[in-house]
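Examining the three-dimensional arrangement
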Amino acid sequence: MLVRISQWLQAFRQSEKGATAIEYGLIAALIAVVIIGGVTSVGTNLNVKFNTIAAIFN
């Protein structure tokens, strides 16, 4: 059993598929961080605008 896992890990390290999967994962994580930052910024700006408008009508 241990020999099989060792062989699988060795094949995985030598394969380009593992590196490609990691690269795609890092790209997806970076895109997610940018989207979260953008949405947070837009949400904060909208909150300020709505509070300004609400203050005008109160």
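Structural notes, computed from the coordinates. (Residues numbered from 1 in each chain as written. Predicted model: local features only at pLDDT ≥ 70, side-chain atom pairs only at ≥ 80, totals over all residues. Heavy atoms only, no water.)

A word on the overall build of the protein chain. Across its full length, the protein chain carries two helices and zero strands. Taking 10 Å as the expected radius of gyration for a compact globule of 58 residues, we find that the protein chain reaches 24 Å, considerably beyond that expectation. The dimensions of the protein chain, computed from C-alpha atoms along their principal axes, are 75 × 20 × 5 Å. In the protein chain, which comprises 58 residues, the share counted as buried stands at 2%. When the accessible surface of the protein chain is summed, it comes to about 5,500 Å², and 71% of that surface belongs to carbon and sulfur atoms. (Helix = DSSP H or I, 4+ residues; strand = E, 2+ residues; numbered from the N terminus. Rg over C-alpha atoms; globule rule 2.2 N^0.38 Å. Buried < 20%, exposed > 50% of the residue type's maximum accessible area, 1.4 Å probe, protein only. Areas by Shrake-Rupley, 256 points an atom, 1.4 Å probe, with all protein chains shown as cover.)

Position of A11 among the secondary structure elements: in helix 1 (residues 2-14). On the basis of relative accessible area, A11 is assigned to the partly exposed category, the value being 44%. A11 sits 35 residues away from L46 along the chain, and the two C-alpha atoms are 51 Å apart.

Let us now look at helix 1. Taking 1.5 Å per residue as the helical rise, helix 1 with its 13 residues ought to reach 18 Å, and the 18 Å between its terminal C-alpha atoms agrees with that figure. Counting buried residues along helix 1, only zero of its 13 residues qualify, which leaves the element largely exposed. (Expected span 1.5 Å × (residues − 1).)

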